[in-house]
Structures are given as structure tokens and as C-alpha cells.
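# Overview (structure and organization)
Listed below, chain by chain, are the residues.
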Amino acid sequence: MTTIELQGVARQAIKRASFGSKLLLSENHPLCPGCGHPVAARVILDVLQQLELEQRTIGIFGHGCSALMIREIDVDMNLALHGRAPATATGIKRMRPETVVFTMQGDGDMVSEGLAEVLHAAARGEKITCFLLNNGVFGDTGGQMTAASAIGQRTKTAIEGRDAEAHGHPIPIAKILAGLDGVSYVARASVHNAAGITMAKRFVKRALEHQLERRGFSLVEILTMCPTGWVKKASEGPEYMMETLGKQIGLGELKDTSQSA
Ligand SMILES: Cc1ncc(C[n+]2csc(CCOP(=O)(O)OP(=O)(O)O)c2C)c(N)n1
Ligand code: SF4
Ligand SMILES: [Mg+2]
């Protein structure tokens with residue numbers, strides 16, 4: 001992970017802007033200024049608290065920048081091998097069906113390196129919830145292109161932007177998972193502004209409710225800013241994200257079997 005060093009009050013403000021939940025053990029987060037992951041983590045933690053699930057929840061991090069928050073989160077968390085979080089979550093949920101089990105994975109983790117894992121867990125209808133924090137890059141290792149990078153998105157390995165002819169098309173994981181019978185809920189949200197965060201909270205709540213009702217596998221993809229990996233200023237992150245990843249498929253609920261039952 002590359003961090004941008006800020007000094008004094010500016011550093012304090014930007015590092016704290018999105019934090020401050022009861023389930024967070026620190027007011028500061030260890031990620032880059034302008035990173036969207038802490039906002040997404042805060043959304044998930046706020047909903048767990050709202051549903052009073054924090055004492056019976058087990059979370060599994062994939063490998064990627066979000067895993068750096070493992071020491072800040074006051075929920076039982078585990079760390080899986082790259083891409084294997086859905087398999088680890090499957091084992092925990094089957095052994096401890098009374099728990100609420102979720103994964104928090106990056107797009108490199110879920111869509112590039114762990115695609116088979118999430119597809120199989122979803123097709124099996126595992127009663128787990130996967131949260132995909134999608135910034136369209138391998139942020140942790142320097143911002144390389146992933147299978148989820150949007151067409152036109154700048155990455156360290158596609159500095160002029162992803163080009164379908166040269167780099168292939170992105171894998172629309174939410175759309176693919178929504179087509180599987182084992183899957184009961186799929187939604188796509190983002191944390192680019194207050195309205196986006198409110199929408200993300202609603203989708204996270206619905207996904208966890210699906211798990212509590214044992215309906216099936218649930219996924220919420222949350223678009224998160226990675227200004228460092230995109231070689232953008234922190235302030236440009238939200239707008240740039242919506243111009244690239246936001247246009248891919250669009251935001252909203254893709255599947256909710258409770259509505260069709
Ligand atoms: C099998 C394997 N290959 C490569 C790595 C190196 N690695 C660690 S984090 C990471 C990038 C993670 O990207 P992503 O999942 O999108 O998370 P982000 O950092 O963008 O949040 C990689 C490639 C690894 N840990 N294990
Ligand atoms: S995801 Fe990007 S912005 Fe966030 S900590 Fe990693 S490199 Fe920094
Ligand atoms: Mg990523």
C-alpha cells in the first residue's frame with residue numbers, strides 16, 4: 001500500500017472524516033486519505049449494530065487494503081487466503097449456523113483471484129453474506145488492473161485506461177451471481193456521497209436479513225474510492241469512481257427473492 005503523508009490538522013480531518021462508530025476501536029483508520037474502504041466498513045458495522053448482531057457475527061477478510069482494519073474493528077474477524085474468504089465463511093457458518101457470517105473482500109480478491117470460490121459458494125446457496133469492496137484495482141499491491149476494472153478506468157497496468165480490445169471486458173460479478181439459483185439477494189451500492197452511503201446501508205441491512213431468514217447467499221457490491229491506485233487526488237476520487245465503475249451495470253438491487261416469494 002502506498003500512503004500519502006499529510007501533516008497536522010489536514011491529516012487528522014481527512015483520516016477521521018468517515019470514522020467514529022461504536023464498533024471501531026480507533027477514531028483513525030490506517031488507510032490512505034480519500035480511501036472508500038473505511039466508509040464501507042463503517043456502513044457494515046453500523047448496520048450490524050443497528051440489528052444488534054455484533055455479538056454473534058464473524059467476519060472474514062480477504063487479502064487487500066481493507067484487511068488492515070482488522071485491528072480497528074470490534075467484531076470477531078478472521079483473515080482468509082487471497083480469494084478464499086467465501087470458503088472459510090462456508091465452514092464457519094456450517095459449523096456455527098447460529099452466527100451471522102460475512103466476508104469483506106476486494107475485487108482483486110473476489111473477482112480475479114477468488115472467482116471460483118465465490119461462484120461455488122453462491123451456487124451452493126451458502127447462508128453467508130459477501131461484501132465486495134470494489135475499487136477496480138489491486139490497491140494493496142500498487143493499483144494494477146483487476147478482472148473488475150471498468151472500461152476506461154486508469155490503473156497502473158493500463159495507465160491510459162482499460163481498453164476492451166487490449167485488456168478484455170470486465171467481469172460483472174453482481175450480475176453473474178444474481179443469475180444463480182442459490183442466490184437470494186444481490187445489490188450494488190457506492191460510498192461516493194451521503195445518498196450513496198444511505199443506499200448502501202439499506203442494501204447491507206437487506207442482505208443480512210436474507211441471511212437471518214436463511215433464504216440463501218447474499219452479496220452487496222460497494223464501490224469504494226482508491227485515489228492512490230487510480231493516480232488521482234483524494235478529492236477527485238468520488239466523481240472519477242462514478243464516471244468509471246459507477247457506469248458499469250449501475251447501482252441498485254439486482255435480485256431480491258423475498259419480493260418474488
Ligand atoms: C495468492 C496471492 N497472490 C497475490 C497476493 C498479493 N496481494 C496481496 S493484496 C493484493 C491486492 C488486493 O487487491 P483487492 O482484493 O482488490 O483489494 P484492495 O487492496 O484493492 O482493497 C495482492 C495481489 C497474495 N496475498 N496472495
Ligand atoms: S484501497 Fe487504495 S486508497 Fe485505499 S488504502 Fe489501498 S491503496 Fe490506499
Ligand atoms: Mg481492489
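Shown above is the structure to which this text applies.
Residues numbered from 1 in each chain as written. Chains lettered and ligands numbered in written order. Predicted model: local features only at pLDDT ≥ 70, side-chain atom pairs only at ≥ 80, totals over all residues. Heavy atoms only, no water.

The next point concerns the side chain of Thr129. Following the sequence through the fold, Thr129 ends up in strand E4 (residues 129-134). Classification of Thr129 by relative accessible area gives buried; the value is 0%. A polar contact is formed between the side chain of Thr129 and the side chain of Gln211, at a distance of 2.8 Å. Reaching out from Thr129, the side chain makes a polar contact with the side chain of Ser218 at a distance of 2.8 Å. Apart from residues lying up to four places away in sequence, Thr129 is in contact with Val101, Phe102, Thr103, Ala207, Leu208, Gln211 and Ser218. (Helix = DSSP H or I, 4+ residues; strand = E, 2+ residues; numbered from the N terminus. Buried < 20%, exposed > 50% of the residue type's maximum accessible area, 1.4 Å probe, protein only. Polar contact = N/O pair within 3.5 Å; in protein donor to acceptor, adjacent residues only side chain to side chain. Contact = heavy atoms within 4.5 Å.)

Another point: unusual backbone geometry. With the exception of glycine, the majority of residues adopt a negative phi angle, and the majority of peptide bonds are in the trans configuration. Positive phi values are uncommon outside glycine, yet Arg214 reaches one of about 55 degrees. Looking at where Arg214 falls in the secondary structure, it is placed in the loop between helix H8 (194-212) and strand E8 (217-223). The exposure class of Arg214 is partly exposed, given its relative accessible area of 46%. Backbone geometry places Ile249, a non-glycine residue, at a positive phi of 65 degrees. Tracing the sequence through the fold places Ile249 in the loop between helix H10 (237-243) and strand E9 (252-256).

The environment of ligand 1 is formed by 16 residues, the closest being His37, Gly108, Asp109, Gly139 and Asp140. Within the side chain of Asp107, one N or O atom sits 3.1 Å away from an oxygen atom of ligand 1. Within the backbone of Asp109, one N or O atom sits 2.8 Å away from an oxygen atom of ligand 1. Expressed as a share of its isolated accessible area of 590 Å², the protein-covered part of ligand 1 is 73%. Mapped by element, the contributors of at least two residues to the shell around ligand 1 are helix H4 (107-113) and strand E5 (137-138). (Near = heavy atom within 4 Å. Areas by Shrake-Rupley, 256 points an atom, 1.4 Å probe, with all protein chains shown as cover.)

At 2.1 to 2.2 Å from the magnesium ion (ligand 3) lie its protein donor atoms, namely Asp107 (OD), Asn135 (OD1) and Val137 (O). Positions of the donor residues of the magnesium ion (ligand 3), expressed as sequence spacing, correspond to D-x27-N-x1-V. Residue Asp107 is located in helix H4, and its partner Asn135 is located in the loop between E4 and E5; the two are separated by 28 residues in the primary sequence. For the pair Asp107 and Asn135, a shared accessibility class is recorded, and that class is buried. (Donors = N, O, S within 2.8 Å, 3.2 Å for Na, K, Ca; no water.)

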